[in-house]
Amino acid sequence: MSAELALLGPILAAMLAAATPLLFAALGELVVEKSGVLNLGVEGMMLVGAVCGFAVAVQTGSSTAGFVAGAAAGAGMAALFGVLTLLLLANQVATGLALTLFGVGLSALIGQGFVGIPIADVPELYIPGLTDLPVIGKALFGQDALVYLALAAVPAVHWFLYATRKGLILRAVGENHAAAHALGYKVIRIRFLAVLFGGAMSGMGGAFLSLDYTPMWAEGISSGRGWIALALVVFATWKPGRVLLGAWLFGGVTIAQLHVQGLGIDIPSQLLSMLPYLATVIVLVVISRDVARIRLNAPASLGKVFHPDA
Amino acid sequence: MTLLRLEARGEASRAMVYATPLLAVALTLASGFLLFWAMGFDPVKALHAFFIAPLMSLRGLGELAVKATPLVLCAIGLAIGFRANVWNIGAEGQLTLGAITGGGLALAFYGEGGWWLLPLMIVAGMAGGALWAAIPAFLRVRFNASEILTSLMLNYVALHLLNYLMHGPYRDPDGFAFPESRLFEADAVLPLLVAGTRVHLGSLFALLAVAAGWFLMARTFIGFQIKVIGLTPTAAGYAGFNQKKIIWMTLLLSGALAGLAGLGEVAGPIGQMNPTISPGYGYTAIIVAFLGRLHPVGILLAGFLMALSFIGGEAAQIALGLPKAITGVFQGMLLFFLLATDVLIRYRLRFGAKRAVVGRAAA
């Protein structure tokens, strides 16, 4: 086996891992947006999920407990957003921004005592034979459980949205909340549940970063991944399968940038670090320029305030 | 059956427009009291150290103005955009670019400056910020790309660009590899306004921006167009208002003001280029804009309040060993409470189920 091919295996595996937090957060946000709510607080929910997951894992010694805590913390933040936007009818854009600003501060506060503490890595899958396969073995059969969970969430979300009655109702609420309300569906309750799900998924994505990907806690550990996840939902034109594609693309860009740095190619590392953000902008432009496609696929009530009496 | 419900008011309550920011501040202080108590600090002492002690000296008041300056400059521009539903959240990056371009001139003409250098830096700073904001404007107008996401992504790009420059071209040649530039020379530094403080010419610019922002919104046709587009985009379309022009204008304007804020930092209190120009002024300015009700005068007051949260955080860190991150928590809480209480502008709270009220009226 040539040296290039030997390098390909670890790169592929790293790409899948780098895509995982984006996949969690973007799938969660996709369900939220399908219900007609725009939550710009993904970055804040990821950070709080990351720090709470890390803190609980350090205290209990169990990374499973950490992931559960991360999801719960993300959902808790999302509940705050839900109360403000759905019950108190606050502007969704402003509240989402507030959630991110609050999450940045809160996570830094909680994380005070946890900076620089090492934590045991989450064990990876090992299937004798399969994991040892060249090139694809490590990528497909040597990851840890969360990577597989994120992958499994893609068909699960698709199935829920397009093959179940509840999914149909959720989409109806997102397309036309007044009509759904007139049919007797509980618009606010359905949206609240969607928002909670989105928060839990963001929290999981954050916990994956601090417990598994890095693994450690540092202030602002998500470094814009929550925002990239928001862009991914648009890139995917609100389709779960395309979220996967987008997440892999960004995982690829992230890893490629690290490897170029590692190969000693003479480009300053700070300039290479811009790549994921620039790629997000470019991808967003390519998708958004097709106005008709966005209009066809975006939930029609996205971001609009609903009050049953109005 | 709900015990508490919202009943639409006939029209927005003027009184509540002014009352809810005060209510939000009161609720934030109450929550801060509980938070300090839960963290094991004496809440009264902590709140005093945070919000009152910093204001007890001329130096402290000066610092308040120094910190309020970039916040107000950024928020005035952001608010004008928000009024037109143009969500520029890239003020942090635009501020950074203003520092890079304006501060870059100070380094380029090091040792050969003159009276002309400072005005040139100011123009360059504003141009740098406007240029950075022109990117989301172009992408929105030409390609329909959300300015929220593009302007935010550019914040990270700007930060990495600054980092690159500080480790490369901008680094002090005699600085032992520290990522800091030379100290700016006297003709590249904004003059001080009040002896014994660090209040500089930038604060005057901020006041001018408040006045100009008020004039633009209240007395010009462009301000009227901005308001109509923000309230009812369809009406603006029928009236033939050019929405693309307004997107360009609001983004360029807010970019230029943020750039000026960035230049004011490096040519003011910092006095050199370094990798940490802003503790998040561009993000906090979003809160300032909302807290100030997107109105220039409100923004001025809100700017001072948020400036207090920055210096209060520093003071409490030194006096009581409170973690610095408290500042961000306070800022976030304040915005939450404001958004939550804003419901009272258009709705009243009613207790008891709707049916019961109707029944009583009939009886």
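Residues numbered from 1 in each chain as written. Chains lettered and ligands numbered in written order. Predicted model: local features only at pLDDT ≥ 70, side-chain atom pairs only at ≥ 80, totals over all residues.

Averaged over every residue, the pLDDT of chain B is 91; the share at 70 or more is 96%. The low-confidence segment residues 356–363 of chain B, where pLDDT is below 50, has one contact with residues more than four positions distant or belonging to other chains. (pLDDT = per-residue confidence, 0-100. Contact = placed C-beta atoms within 7 Å.)

Our focus in this paragraph is the nonpolar core. Residues Ala26(A), Leu232(A), Val72(B), Leu73(B), Cys74(B), Ala75(B) and Ala289(B) are the most contacted members of the largest nonpolar core, which totals 225 residues. Looking at this core element by element, the count peaks at 15 residues for helix 1 (residues 3–34) of chain A. Residue contacts for Leu232(A): discarding those within four places in its chain leaves Leu22(A), Ala26(A), Val243(A), Gly246(A) and Ala247(A). (Core = buried A, V, L, I, M, F, W, Y, C linked by C-beta atoms within 7 Å. Buried ≥ 20, exposed ≤ 12 C-beta atoms within 10 Å, placed from the backbone. Helix = DSSP H or I, 4+ residues; strand = E, 2+ residues; numbered from the N terminus.)

For the rest of this paragraph, the subject is the packing of helix 11 (residues 281–291) of chain B against helix 12 (residues 296–320) of chain B. Residues and elements named next belong to chain B. At a minimum axis distance of 8 Å, the contact between helix 11 and helix 12 shows a crossing angle of 135 degrees. With respect to helix 12, the element helix 11 is oriented oblique. Here helix 11 and helix 12 pass one another in a crossing that is right-handed. When helix 11 is examined against helix 12, the residues Thr-284, Ile-287, Val-288, Ala-289 and Leu-291 are found in contact with a partner set consisting of Ile-299, Ala-302, Gly-303 and Met-306. Residue classes in the contact of helix 11 with helix 12 are distributed as seven nonpolar, two polar and no charged. (Axes fitted to C-alpha atoms, helices over the stretch in contact; angles between N-to-C directions. Parallel < 35°, antiparallel > 145°, perpendicular 65-115°, else oblique. Left-handed = near helix turned anticlockwise from the far one by under 90°. Nonpolar A, V, L, I, M, F, W, Y, C, P; charged D, E, K, R; others polar.)

Next up on the list: the interface of chain B and chain A. Counting residues at the interface gives 39 residues for chain B, matched by 41 residues for chain A. Contributions of two or more residues to the side of chain B that touches chain A are made by helix 5 (117–143), helix 6 (147–167), helix 11 and helix 13 (326–341) of chain B. In terms of residue class, the side of chain B that touches chain A is built from 27 nonpolar, 11 polar and one charged.

Moving on: helix 10 (residues 225–235) of chain A. In terms of burial, helix 10 of chain A is a largely internal element, 11 of the 11 residues being buried. After helix 10 of chain A finishes, the residue Thr237(A) shows a positive phi value of roughly 40 degrees.

The subject of this paragraph is the domain arrangement of chain B. Where the parts come together, the accessible area they lose is often given as the size of the interface. Residues and elements named next belong to chain B. You can read the domains of chain B as domain 1 (1–41 + 322–357) and domain 2 (67–319). With centres defined by C-alpha atoms, the gap from domain 1 to domain 2 works out at 30 Å. Between domain 1 and domain 2, the contact holds 11 residues from the first and 11 residues from the second. Among the elements of the structure, helix 1 (14–38) and helix 13 are those that each provide at least two residues to the side of domain 1 that touches domain 2. Ranked by residue count, the leading element in the side of domain 1 that touches domain 2 is helix 13, at seven residues. Its residues assigned to classes, the side of domain 1 that touches domain 2 shows eight nonpolar, two polar and one charged. (Domains from an automatic or database assignment.)

For the rest of this paragraph, the subject is the environment of Leu201(B). Residues and elements named next belong to chain B. As for its position among the elements, Leu-201 is in helix 7 (residues 201–219). Its 18 C-beta neighbours within 10 Å are what place Leu-201 among the partly exposed residues. Taking the C-alpha atoms as reference points, Leu-201 and Ile-345, separated by 144 residues in sequence, lie 38 Å from one another. The contact partners of Leu-201, leaving out residues within four places of it in the chain, are Leu-190, Pro-191 and Leu-193.

This next bit is on the environment of Gly292(B). Residues and elements named next belong to chain B. Within the secondary structure layout, Gly-292 lies in the loop between helix 11 and helix 12. Distance in space between the C-alpha atoms of Gly-292 and Pro-21 is 8.0 Å, their sequence separation being 271 residues. Not counting chain neighbours up to four residues away, the residues in contact with Gly-292 comprise Ala-75, Ala-79, Gly-298, Ile-299, Leu-301 and Ala-302.

Right, let's get into unusual backbone geometry. For Thr237(A), which is not a glycine, the phi torsion comes out positive at approximately 40 degrees. Relative to the helices and strands, Thr237(A) is located in the loop between helix 10 and helix 11 (240–262). Thr237(A) sits in the partly exposed class, given 15 other C-beta atoms within 10 Å. Unusually for a residue other than glycine, Leu294(B) sits at a positive phi of about 55 degrees. Of note, Leu294(B) is situated in the loop between helix 11 and helix 12. For Leu294(B), a count of 20 C-beta atoms within 10 Å puts it in the buried group.

Another aspect to go through is helix 6 (residues 145–163) of chain A. All names here are of chain A. Between its first and last C-alpha, helix 6 extends 26 Å over 19 residues, near the 27 Å set by a 1.5 Å rise per residue. The sharpest bend along helix 6 comes to roughly 25 degrees, located at Ala-153, with the proline Pro-155 sitting one to four residues further on. Leu-146, Val-147, Ala-150, Ala-153, Val-157 and Leu-161 are the residues of helix 6 that are buried. (Expected span 1.5 Å × (residues − 1). Bend = angle between axes of the 7 residues up to and from the residue.)

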